Amino acid sequence: MGFMSIVMTLSVLSSIIGLADLNGNDGMTSVERPDLSIEDEGNPLELTVILERFYLDGEMSEEELTETIWSMEDFWSEYAGWELVRMDENIVVFKQLVDDISPLLKANGYFGLSEDGVLTIFNGRPDQSNIIQSFFQIDVGKLESRKRQQLQNGIPIKTKAEYEKVLETFEPYNKDERYKN
């Protein structure tokens, strides 16, 4: 990268960082497509792009890419559905809220009861004690034996619909009034 390329890169990044700060969102802003271009004798800009995906079950995945950017317009349009979290000299971090359960849950997630009777999602069967997320205390005394047995064995979660159905099914057994719908 030549001197002009470095100057242009810093100028572009400063402009973009300024846009994020002016929105009053602590750096969290929807990606805006600034009218910027890379004009350095045809040399592209290389950035590390980090994509953070946040799922309904509380899990977050992170993917790191190296992008070769020939056109800022193309770059911004490629990430139009993402929210800009931060951008510094050579790293851009985007986030996206995913209206689905995480791949981890789909692969190996089970609803069950923790030792203290809390409705919990486990990575694997409940007896393996690898907790992913906890919800609310279940009034185990009010559970029918079939439902109690299901939770002890673990209820697999493969889809968002199954996830929501299990929460809906056990919400009436919630001991804590603060968390009832």
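Residues numbered from 1 in each chain as written. Predicted model: local features only at pLDDT ≥ 70, side-chain atom pairs only at ≥ 80, totals over all residues. Heavy atoms only, no water.

A. Focus on the overall build of the chain. A tally of regular secondary structure across the chain gives five helices and nine strands. Of all 181 residues assigned to the chain, the portion counted as buried reaches 38%. Pairs at least 24 apart in sequence give 56% of the contacts found in the chain among residues at least 6 apart. Accessible area of the chain: about 10,600 Å², with a carbon and sulfur share of 47%. (Helix = DSSP H or I, 4+ residues; strand = E, 2+ residues; numbered from the N terminus. Buried < 20%, exposed > 50% of the residue type's maximum accessible area, 1.4 Å probe, protein only. Contact = heavy atoms within 4.5 Å. Areas by Shrake-Rupley, 256 points an atom, 1.4 Å probe, with all protein chains shown as cover.)

B. Representation of the nonpolar core in the model. Of all hydrophobic cores here, the largest spans 18 residues; its most connected members are Phe111, Leu119, Ile138, Tyr163 and Phe170. Secondary structure elements with two or more residues in this core: strand 6 (109-113), strand 7 (118-123), strand 8 (131-137) and helix 5 (160-170). In terms of residue count, helix 5 provides more of this core than any other element does, four residues in total. Listed in part, the 14 residues of the second largest apolar core include Val49, Ile69, Trp76 and Met87. (Core = buried A, V, L, I, M, F, W, Y, C linked by side-chain atoms within 4.5 Å.)

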